[in-house]
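Topology and contacts: notes
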Amino acid sequence: MSVQKNKKIIIANWKMNPGTITIAEKLFKGIKKGSMKGVDTVVCAPFPYLTIIKKNKPSAFCALGVQNIHHEKEGAHTGEVSLSMLASFPVKYAIVGHSERRAQGETNQIIAQKIGLLIKAKITPVLCVGEKERDHSGFYLHTIKEQLIECLSLIPKASYKNIVIAYEPLWAIGKDAARPATPEESNEMVIFIRKCVSDIAGSTVAHQMRVIYGGSVSSKDASVFLREGGVDGFLVGRASLDIKEFTKIIALAGAQK
Ligand code: PGA
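Read on for an overview of the structure. (Residues numbered from 1 in each chain as written. Predicted model: local features only at pLDDT ≥ 70, side-chain atom pairs only at ≥ 80, totals over all residues. Heavy atoms only, no water.)

Quick look at the site of the ligand now. By nearness alone, every residue bordering the ligand is listed as Asn13, Lys15, His98, Glu168, Ile173, Gly174, Gly215, Ser216, Leu235, Gly237 and Arg238. Backbone polar atom of Gly237 to an oxygen atom of the ligand: 2.9 Å apart, as the coordinates give it. Between the ligand and Arg238, the relevant distance is 2.7 Å, taken from an oxygen atom to a side-chain nitrogen or oxygen of the residue. Its free accessible area being 280 Å², the ligand has 99% of it covered by the protein chains. Counted by class, the shell around the ligand contains two nonpolar, six polar and three charged residues. (Near = heavy atom within 4 Å. Polar contact = N/O pair within 3.5 Å; in protein donor to acceptor, adjacent residues only side chain to side chain. Areas by Shrake-Rupley, 256 points an atom, 1.4 Å probe, with all protein chains shown as cover. Nonpolar A, V, L, I, M, F, W, Y, C, P; charged D, E, K, R; others polar.)

This paragraph deals with the nonpolar core. Membership of the largest hydrophobic core comes to 68 residues, with the highest contact counts inside it found for Trp14, Ile115, Leu127, Ile193 and Phe234. At six residues, helix α6 (residues 183-201) tops the list of elements feeding residues into this core. Those residues in contact with Leu127 that sit more than four places away from it in its chain are Val96, Arg102, Ile111, Ile115, Leu148, Cys151, Leu152, Ile163, Val164, Ile165 and Ala166. Ranked by size, the runner-up nonpolar core spans 13 residues in total, among them Ile9, Tyr93, Ile95 and Ile212. (Core = buried A, V, L, I, M, F, W, Y, C linked by side-chain atoms within 4.5 Å. Buried < 20%, exposed > 50% of the residue type's maximum accessible area, 1.4 Å probe, protein only. Helix = DSSP H or I, 4+ residues; strand = E, 2+ residues; numbered from the N terminus. Contact = heavy atoms within 4.5 Å.)

Overall, parallel pairing links the eight strands, which are arranged β1-β2-β3-β4-β5-β6-β7-β8 in a closed barrel. Mean inter-strand twist for the sheet, computed between neighbouring axes without regard to direction, equals 25 degrees. Judged from the four bridges that link them, strand β4 (residues 91-96) and strand β5 (residues 124-129) form a sheet pairing that is parallel. By the bridge assignment, Ala94 is partnered in β5 with Pro125. Across the face of the sheet, α6 comes into contact with β5, β6 (164-167) and β7 (210-214) while running at roughly 145 degrees to β7. Contacting β1 (9-13), β2 (40-45) and β8 (233-236), helix α9 (residues 243-255) crosses the sheet at an angle of about 165 degrees to β1. (Pairing = 2+ DSSP bridges. Axes fitted to C-alpha atoms, helices over the stretch in contact; angles between N-to-C directions.)

Right, let's get into unusual backbone geometry. Along the chain, Asn17 connects to Pro18 via a cis peptide bond; the corresponding omega equals -10 degrees. In this fold, Pro18 is placed in the loop between β1 and α1 (21-34). With phi around 50 degrees, Lys57 is a residue other than glycine that occupies positive phi space. Relative to the helices and strands, Lys57 is located in the loop between α2 (50-55) and β3 (62-66). Of the residues examined, Lys57 reaches a relative accessible area of 59% and is grouped as exposed. Of note in the backbone geometry, Ser216 takes a positive phi value of approximately 60 degrees without being a glycine. Topologically, Ser216 is positioned in the loop between β7 and α8 (222-228).

With that settled, the discussion passes to helix α4 (residues 108-120). Residues spaced three or four apart along an α-helix face the same direction, because each turn holds 3.6 residues. Taking 1.5 Å as the rise per residue, α4 with 13 residues should run 18 Å; its terminal C-alpha atoms sit 18 Å apart, in good agreement. Where α4 is buried, its residues meet β4, α3 (99-102), β5 and α5 (139-151). At the exit of α4 stands Lys122, carrying a positive phi of roughly 60 degrees. (Expected span 1.5 Å × (residues − 1).)

We now examine the pattern of salt bridges. The full count for this structure, using the stated rule, is 12 salt bridges. Between Glu106 and Arg101 there is a salt bridge; the shortest N-O distance is 3.3 Å. For Glu106, a relative accessible area of 9% puts it in the buried group. Lys195 is the salt-bridge partner of Asp199, the closest N and O atoms lying 2.9 Å from each other. (Salt bridge = Lys/Arg side-chain N within 4 Å of Asp/Glu carboxyl O.)

The structure is reproduced here in structure tokens:
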């Protein structure tokens, strides 16, 4: 299966950071300055920072994203944020199914509902899939396949091309990660993800979808991942909180042919 060249996308997942709105503004300004025409940069910020980011004018090259939305339109859901509440912000992307949210009870069925709402609202879902551990019998492949089939079950197949899939093995995420994945492991999984999508929706759609990697990404390994890991970009946690480091990753993506 030859994979078509997709435009690279570098997504910042700030998680519950930074601690103040002043730092958030500085961080966004720095990232925007370091973003470039040939790369889609996205900043997925905490909700309280959307106003200040809107003021700093997200652009086509440096877009605004969120880290979650609720799967229902409204109702008695204390502490949650619905999609319609975001209507006054230029939100273009939303992360769904991050492992840190799955750990709090987010199921594939709930994620499917979120993706349905996002597609209708023309916001690009960034669907995270990933296994807890790698076993020798290859059960982890079954986990990824099930996540894809169930999370994509409520939307028309023609919409798949508007989704970004982020492969994020749990064992590679965060400061306590066992180790980052290798480019070989990433490449194998990107091929598997495209194969699963191809089985459901056909190879054209599978090639159009952007598949990215997340898990301890840094400027040190970004180039080799882009060259040998089969990915169209990254979902970046800790390194997205450091302007120099994150904009270096953007520049490396821009330099890839
Ligand atoms: P990390 O987080 O880059 O800090 O490992 C990635 C993520 O959880 O999206």
